[in-house]
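Structural overview for review
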Amino acid sequence: STPIKSSAASDVYKRQDFITTPKGEPDKRYDTQYAVFDCDGNGEAELHVQSARYYYIFQYKNGALQLYKNLSPYPHYYALKNGAFISHDFGAGPLSDEYRYYIFDTYGNETFSIGFTKYDKNFNGEYDEGDEYVFDNVEVTKDIWEKLTERFLYIDEDGIERIKNEIEWTDLMEMTER
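The notes below deal with the structure included here. Model, not experiment: these values are computed from the prediction.

**Focus: the layout of surface pockets**
In this structure, the largest pocket encloses a volume near 300 Å³. Together, 14 residues line the largest pocket, and His88, Tyr99, Ile160, Glu161 and Arg162 are the ones closest to its centre. Mapped onto the lining of the largest pocket, the elements with two or more residues apiece are strand 6 (85–92), strand 7 (95–104) and strand 12 (161–163). Considering every element that reaches the lining of the largest pocket, the biggest residue donor is strand 12, with three residues. Around the second largest pocket, the lining residues are Lys118, Tyr127, Tyr133, Lys142, Trp145, Glu146, Thr149, Glu150, Leu153, Tyr154, Ile155 and Glu161. When residues of the lining of the second largest pocket are traced back to their parent elements, those giving at least two are helix 3 (142–149) and strand 11 (153–155). The residue makeup of the lining of the second largest pocket, split by class, is six nonpolar, one polar and five charged.

**Topic: a nonpolar patch on the surface**
Taken together, the side chains of Tyr34, Val36 and Leu172 present a nonpolar region at the surface, about 220 Å² in accessible area. Structurally, Val36 is set in strand 1 (residues 32–37).

**Remarks on helix 3**
Within the span of helix 3, buried status applies to Lys142, Trp145 and Thr149. Projected onto a plane normal to the axis of helix 3, the buried residues spread over an arc of 60 degrees and lie on a single side. Elements in contact with the buried residues of helix 3: strand 7, strand 8 (110–119), strand 9 (132–135), strand 10 (138–140), strand 11 and strand 12.

**Remarks on the nonpolar core**
The biggest cluster of nonpolar side chains holds 16 residues, and the ones touching the most others in it are Tyr101, Phe116, Trp145 and Phe152. Counting residues per element, the ones that place at least two in this core are strand 7, strand 8 and strand 9. With residues near it in sequence (within four places) discarded, Tyr101 still touches Leu80, Asn82, Ala84, Phe85, Ile86, Phe112, Ser113, Ile114, Phe116 and Phe152.

**Overview of the environment of Glu166**
When you line up the elements, Glu166 lands in the loop between strand 12 and strand 13 (170–173). By relative accessible area, which is 28% here, Glu166 ends up partly exposed. Each C-alpha atom of the pair Glu166 and Leu80 lies 4.3 Å from the other, and the pair is 86 residues apart in sequence. Excluding anything up to four places from it in sequence, Glu166 contacts Tyr78, Ala79, Leu80 and Lys81.

Criteria and thresholds
- Residues numbered from 1 in each chain as written.
- Predicted model: local features only at pLDDT ≥ 70, side-chain atom pairs only at ≥ 80, totals over all residues.
- Heavy atoms only, no water.
- 1 Å grid on protein atoms, 1.4 Å probe; cavity = no way out; pocket = protein on both sides within 12 Å on 5 of 7 lines; lining within 4 Å.
- Points joined across faces, edges and corners; volume = space filled by probe spheres on them.
- Helix = DSSP H or I, 4+ residues; strand = E, 2+ residues; numbered from the N terminus.
- Nonpolar A, V, L, I, M, F, W, Y, C, P; charged D, E, K, R; others polar.
- Patch = residues over 30% accessible without salt bridge, like charges linked within 9 Å, V, L, I, M, F, W, Y side chains within 5 Å.
- Areas by Shrake-Rupley, 256 points an atom, 1.4 Å probe, with all protein chains shown as cover.
- Salt bridge = Lys/Arg side-chain N within 4 Å of Asp/Glu carboxyl O.
- Buried < 20%, exposed > 50% of the residue type's maximum accessible area, 1.4 Å probe, protein only.
- Arc of directions from axis to C-beta.
- Contact = heavy atoms within 4.5 Å.
- Core = buried A, V, L, I, M, F, W, Y, C linked by side-chain atoms within 4.5 Å.

What follows is the structure in structure tokens.
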């Protein structure tokens, strides 16, 4: 894939204060990461920049840096190694997890998406057989939901549900408080 031209990267670097600085707190900085990879399947890498505040994807087209996609601020989006994305929206009362898998074309238009959710319907603070599980707008059992979502999610060694095949990010800036 074609790398982002250095002039495009320096353009983003100039805008880093906007991305990394909490509004009204000019002396603080958010943790900020970046990644360069092709997410739209056109063979050209895009520049991904994310902080606690923003997730922007930039393309270099016609000699200029252009915003490809703004995935800010909520729900949280995860970029996947295959170029797709998963959004995750979680709730605490009652416990719920809503995921959506997306594929975008070279213009940033959604070409495919599928949703999968689970709700703590019995309000006991954990996911069990008494809860509601939905995959692609169809209510399913817990076992079927887990089988259908295993290509997207996994449980880590600490028992925490995680997104599979997420890209690796490089730190641009660590959070600071002055």
